[in-house]
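Here is how the chains run, residue by residue.
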Amino acid sequence: MPQPYSENSVENNKKRKDRIQSVNTRGFIEIDSSLQRTTVWYFRKNVDNITNYRTFLHSIESELIEKLRQCVGVHPIKYDLKLEVTYVIPAEVDNTTENHAFNSPARQLFVYSNVVGLVDCDLTLLLTKAKTFADEDRRFTFISYIGGLTLGVHQYNPPIERWSYLTLPKNIINRRAVINPQNIDQLCFQWAILAKHVSKYRCRVNTNYFNEAHRYDFSVLSVPTTISEITLFERANPGTSVNVYGLKYNGKISTQYMVYPLRVADEEMPNHFDLLLITGSENKYHYTYITNFSRLVSSQINKGHRRLVFCKKCFKTFDFQPRKYKLYGDKALAQHRLVGNCVFNPNTALMPFSRHS
């Protein structure tokens, strides 16, 4: 019959002693790994021999935050903490010592997570557990030694059903007009907006996106974000406007599809965004950022490959062929917008893309 786990077993005492002796410097030092380094353990030794829980944890809090940010910048993780303490148990003859450990539950961490807030919660939990333990058994009131804090970091792959990410059709990718941030959450609207400000590695949500999150207030939105909520985003962020376009297959020709407007702002503000919404099975949808709207839709409007400008609302086109008694080009488009008679007609305004173009 297997013996119950004990911090004071011969094996665990030896591991603890080896762990403490192997680290002699400040910082979270790697002490072990497994499963091809998908799990790594770090140890922060109490090199200053601090005997107060709160003082010790406070002294290493910034180091812990920095280590977690470093780890999650590479891949989403789960992490857990273990505070190792040795108590003196007073006795009539000789005082004895006994080891104990206080653990935090495993917590998921993503690049956009509030690391500072999560660490504060975990350290508070460890302090509460230690105090409760001492209150329940007065023998464990006297701390002999705080060994240190063990940090376990485990690579985390979220269940795919929790992702909003969907791939773009191949020919849309080939047009080099859309950025599709690869996320592992349901914050695709946020990442599509921030893609405008990311200059490197735009196809994967990482610290490059997280560092830009301060630009806008996304707190008014639910997750996942519906098109109807975009008005709330515009109100919370003055000077911004958002258009959303959909992508659907042509019913007559199964190898073709078209881009069409889903939501068009009444006025394009200085900070404007054009988004492409991709839909999948089981009502799944995913926002992407359109970097070049003209390049994306010109071939489904422009049969003759002429230079055109067009209305983003109804897709009516205006060429630059000079006319004696009629406006053309940008002036014609400006007049069209002033009239405001924009009605999208897929039968007359669009020529669908070929899936294999």
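Residues numbered from 1 in each chain as written. Predicted model: local features only at pLDDT ≥ 70, side-chain atom pairs only at ≥ 80, totals over all residues. Heavy atoms only, no water.

**Some details on the side chain of D122**
Along the chain, D122 turns up in helix 3 (residues 115-136). Assessed through its relative accessible area of 1%, D122 is described here as buried. Apart from residues lying up to four places away in sequence, D122 is in contact with Y79, L81, S104 and R107. (Helix = DSSP H or I, 4+ residues; strand = E, 2+ residues; numbered from the N terminus. Buried < 20%, exposed > 50% of the residue type's maximum accessible area, 1.4 Å probe, protein only. Contact = heavy atoms within 4.5 Å.)

**Digging into the nonpolar core**
Among the nonpolar cores identified, the biggest contains 32 residues, and Y53, L57, L64, L68, L83, L149 and L151 are the most heavily contacted of them. Those elements that provide at least two residues to this core are strand 2 (39-45), helix 2 (53-72), strand 3 (77-89), helix 3 and strand 6 (142-155). Broken down by element, the residue count for this core peaks at 9 residues, all from helix 2. Core analysis: the next-biggest nonpolar cluster, separate from the first, contains 24 residues, L187, A192, V198 and Y216 among them. (Core = buried A, V, L, I, M, F, W, Y, C linked by side-chain atoms within 4.5 Å.)

**So, unusual backbone geometry**
Leaving glycine aside, a negative phi is the common case for residues, and trans is the common case for peptide bonds. Put simply, V223 and P224 share a cis peptide bond, and its omega is -5°. Phi is positive for Q36, which is not a glycine, with a value near 55°. Note on placement: Q36 falls in the loop between strand 1 (29-34) and strand 2. For R37, which is not a glycine, the phi torsion comes out positive at approximately 65°.

Worth remembering: the numbers are spatial, not functional.
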